[in-house]
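Observations on chain architecture
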Amino acid sequence: LTQLLIPTLGGLCLGLLAQAIPLSMLSGNGQIREAIISVKGGEYTVNLLLGSAAGKMLAVGISIGSGFEGGCIFPSLFAGVYIGLAAYLYMENDNEFPLLLCLSCFMVGLPSSLFPIPITILTITAFTLQLSSYQSGPMVASAVTAHVSILCRSFHTRKA
């Protein structure tokens with residue numbers, strides 16, 4: 001009974017989440033361009049983007065906890081996109097704060113702080129956003145900083 005009940009409840013929760021926060025569904029890989037266009041067009045707000053990022057991570061947790069197959073890396077990349085776009089909107093009055101800088105650094109920073117694979121995440125992000133090596137510098141700093149935070153956290157955990 002449990003083998004049937006847990007996935008059913010998980011699917012129900014995901015369906016309710018999809019109704020409440022539609023942007024939180026799927027891996028998000030095909031939605032990046034649409035999200036950027038919507039932010040530039042003024043259709044998305046900071047609260048919508050942050051809520052969608054939280055919903056995306058909640059959906060991943062529900063999916064994995066319910067026994068559904070799938071990964072965490074691409075959804076965390078996309079949650080980073082939403083957080084980066086929200087940061088861009090929040091700082092929009094500052095004309096010297098570029099969208100690509102916000103987007104790429106958060107897209108790399110969030111998953112690099114969760115998973116110990118910063119080079120892989122850097123590569124995926126650089127190819128997804130079609131960045132040159134010149135544009136990838138701040139992304140590398142973001143990935144290194146996030147990865148070092150994982151190392152420090154695991155060092156303190158082992159010590160205790």
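Model, not experiment: these values are computed from the prediction.

**Quick look at the overall build of the chain**
Scanning the chain from terminus to terminus reveals seven helices and zero strands. Start at the N end of the chain and walk to the C end: the helices and strands fall as α-α-α-α-α-α-α. For 160 residues, the compact-globule estimate of 2.2 N^0.38 gives 15 Å, and the C-alpha radius of gyration of the chain, at 17 Å, lies within 12% of that figure. Projecting the C-alpha coordinates of the chain onto the three principal axes gives extents of approximately 55 × 45 × 25 Å. Here the chain holds 160 residues, and 39% of them are scored as buried. A sequence separation of at least 24 residues applies to 69% of the contacts in the chain between residues at least 6 apart. Of the accessible surface of the chain, which amounts to about 9400 Å², a share of 66% is contributed by carbon and sulfur atoms. Side chains of the chain give 6 positive and 6 negative charges; the mean places of these two sets differ by 16 Å.

**Points about the packing of aromatic side chains**
Given two aromatic rings, one states the distance between the centres and the angle between the planes to describe the pair. Following the criterion strictly, the structure yields one aromatic pair and no others. Between F78 and Y82 the ring centres are 4.4 Å apart and the planes differ by 65 degrees, which places this aromatic pair in the edge-to-face class. Residue F78 and its partner Y82 are located together in helix α4 (residues 73-90), separated by four residues, close to a single helical turn. In this structure, F78 and Y82 share a single accessibility class: buried.

**Re the side chain of T125**
Residue position: T125 is located in helix α6 (residues 118-129). By relative accessible area, T125 is classed as buried at 0%. Excluding anything up to four places from it in sequence, T125 contacts L77, S104, M107, V108 and M139.

**Here's the deal with the packing of α4 against helix α5 (residues 99-114)**
In contact at an axis separation of 7 Å, α4 and α5 are set at 140 degrees when each is read in the N-to-C sense. As the angle between them shows, α4 and α5 are arranged oblique. Taken as a pair, α4 and α5 cross one another with a handedness that is right-handed. Here S76, L77, A79, G80, V81, I83, G84, L85, A87 and Y88 of α4 come into contact with α5, specifically with L99, C102, L103, F106, M107, L110, P111 and L114. Partitioning the contact of α4 with α5 into residue classes produces 15 nonpolar, three polar and no charged.

**Focus: helix α2 (residues 32-40)**
Within α2 the residues assigned to the buried category are I32, A35, S38 and V39. The arc that holds every buried residue of α2, seen down its axis, measures 130 degrees, which confines them to one face. Of the exposed residues in α2, those oriented more than 90 degrees away from the buried face are R33 and K40. Buried residues along α2 sit in contact with α3 (46-65), α4, α5 and α6. Two residues or fewer past α2, G42 is found with a positive phi of approximately 80 degrees.

**Looking at unusual backbone geometry**
Among all residues save glycine, negative phi is the norm, and among peptide bonds the norm is trans. Of note, the phi angle at Q130 is positive, near 55 degrees, even though the residue is not glycine. Look at Q130 and you get exposed, because its relative accessible area is 71%.

Conventions we followed
Residues numbered from 1 in each chain as written. Predicted model: local features only at pLDDT ≥ 70, side-chain atom pairs only at ≥ 80, totals over all residues. Heavy atoms only, no water. Helix = DSSP H or I, 4+ residues; strand = E, 2+ residues; numbered from the N terminus. Rg over C-alpha atoms; globule rule 2.2 N^0.38 Å. Buried < 20%, exposed > 50% of the residue type's maximum accessible area, 1.4 Å probe, protein only. Contact = heavy atoms within 4.5 Å. Areas by Shrake-Rupley, 256 points an atom, 1.4 Å probe, with all protein chains shown as cover. Lys, Arg positive; Asp, Glu negative; His and termini not counted. Charge placed at Lys NZ, Arg CZ, Asp CG, Glu CD. Phe/Tyr/Trp six-rings, centres within 6.5 Å; stacked < 30°, edge-to-face > 60°. Axes fitted to C-alpha atoms, helices over the stretch in contact; angles between N-to-C directions. Parallel < 35°, antiparallel > 145°, perpendicular 65-115°, else oblique. Left-handed = near helix turned anticlockwise from the far one by under 90°. Nonpolar A, V, L, I, M, F, W, Y, C, P; charged D, E, K, R; others polar. Arc of directions from axis to C-beta.

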